[in-house]
Amino acid sequence: DDTPANAVARYDQDNLPKYAVPPVITSLDYSPDGKLIAVAGFHEVLLHKADGSGMVARLVGLSERIESARFSPDGRRVVVSHYEPGSTGGGLWLHELEGNLETRLTFSSGDDVLSAWSPDGREVAYSSTGTTSGESGIFRIAADRSGQGQTVFISETFAATDAFTPDGRRLVYWEIGTQGRGTLWIRSFVGDPSPRRLGQDQASEWGSDLSPDGRWL
């Protein structure tokens with residue numbers, strides 16, 4: 001059996017991951033007050049002081065592959081997307097910074113990734129491919145785990161969440177177009193849900209964010 005030892009090792013606060021070389025960083029996020037940075041690592045999310053003066057905490061989970069980590073608007077939680085051990089699908093988990101408690105948020109059989117918090121911290125929007133129903137698209141779920149994921153829309157290709165607008169009434173996202181290019185869109189949760197195209201017609205664009213006042217993308 002040539003399985004690497006770190007592929008079967010179990011990590012927790014008493015057995016923290018060790019790094020022989022710098023890890024591949026797949027995600028970075030600033031806390032709302034700008035004092036912390038969440039960095040995706042190996043089996044964990046590392047919380048560093050933004051001024052570079054040191055590490056604050058290590059949020060250790062089961063999965064070796066962390067896709068994304070996003071602070072909640074109040075800075076007290078981090079939603080983490082990672083792959084389950086022995087599974088090809090990813091899920092969303094919530095880390096409570098006080099007490100370092102991790103609980104699972106989504107339970108679909110698909111690949112749940114690329115999340116975004118609503119401004120009030122009550123909901124998380126996320127992308128899911130190959131869900132239980134076989135559909136791919138963008139979904140939303142209550143952050144208190146009081147319900148199942150609700151469909152925002154179904155995509156014929158692939159769509160990924162970027163950000164809620166500051167009023168929480170619209171979502172900016174990107175979607176793979178028919179020619180394979182990424183295209184930016186904005187869609188309302190209230191009234192007319194028809195998407196409106198953002199960005200340049202001939203460009204390939206993705207991975208956007210909004211300014212705090214919602215005026216700039």
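Rules and cut-offs
- Residues numbered from 1 in each chain as written.
- Predicted model: local features only at pLDDT ≥ 70, side-chain atom pairs only at ≥ 80, totals over all residues.
- Heavy atoms only, no water.
- Pairing = 2+ DSSP bridges.
- Helix = DSSP H or I, 4+ residues; strand = E, 2+ residues; numbered from the N terminus.
- Axes fitted to C-alpha atoms, helices over the stretch in contact; angles between N-to-C directions.
- Buried < 20%, exposed > 50% of the residue type's maximum accessible area, 1.4 Å probe, protein only.

### Quick word on the sheet that holds strand β15 (residues 196-198)
- Ordered by their spatial adjacency, four strands build an open sheet running β12-β13-β14-β15, and the pairing between neighbours is antiparallel. Each end of this open sheet is capped by a strand with a single partner; those strands are β12 (159-164) and β15. Here the strands of the sheet are splayed against their neighbours by 30° on average, with no regard to which way each runs.
- With three bridges connecting them, strand β14 (residues 182-188) and β15 associate as antiparallel partners. Residue pairing for β15: leucine 184 is matched across the bridge by leucine 198.

### Description of unusual backbone geometry
- One non-glycine residue with positive phi stands out, namely histidine 43, at about 65°.
- The residue histidine 43 is located in strand β3 (residues 42-49) in this model.
- The phi dihedral of leucine 114 falls on the positive side, at around 50°, and the residue is not glycine.
- Along the chain, the position of leucine 114 falls in strand β8 (residues 111-117).
- Classification of leucine 114 by relative accessible area gives partly exposed; the value is 31%.

### Brief notes about the sheet that holds strand β11 (residues 150-154)
- Spatially, four strands are ordered β8-β9-β10-β11 in an open sheet, and the strand pairing comes out antiparallel. The outermost strands of the open sheet, each flanked by one partner alone, are β8 and β11. Averaged over all pairs of adjacent strands, the angle between strand axes in this sheet comes to 25°, irrespective of strand direction.
- Note: β8 against strand β9 (residues 123-129), five bridges, orientation antiparallel.

Structural measurements only, silent on function.
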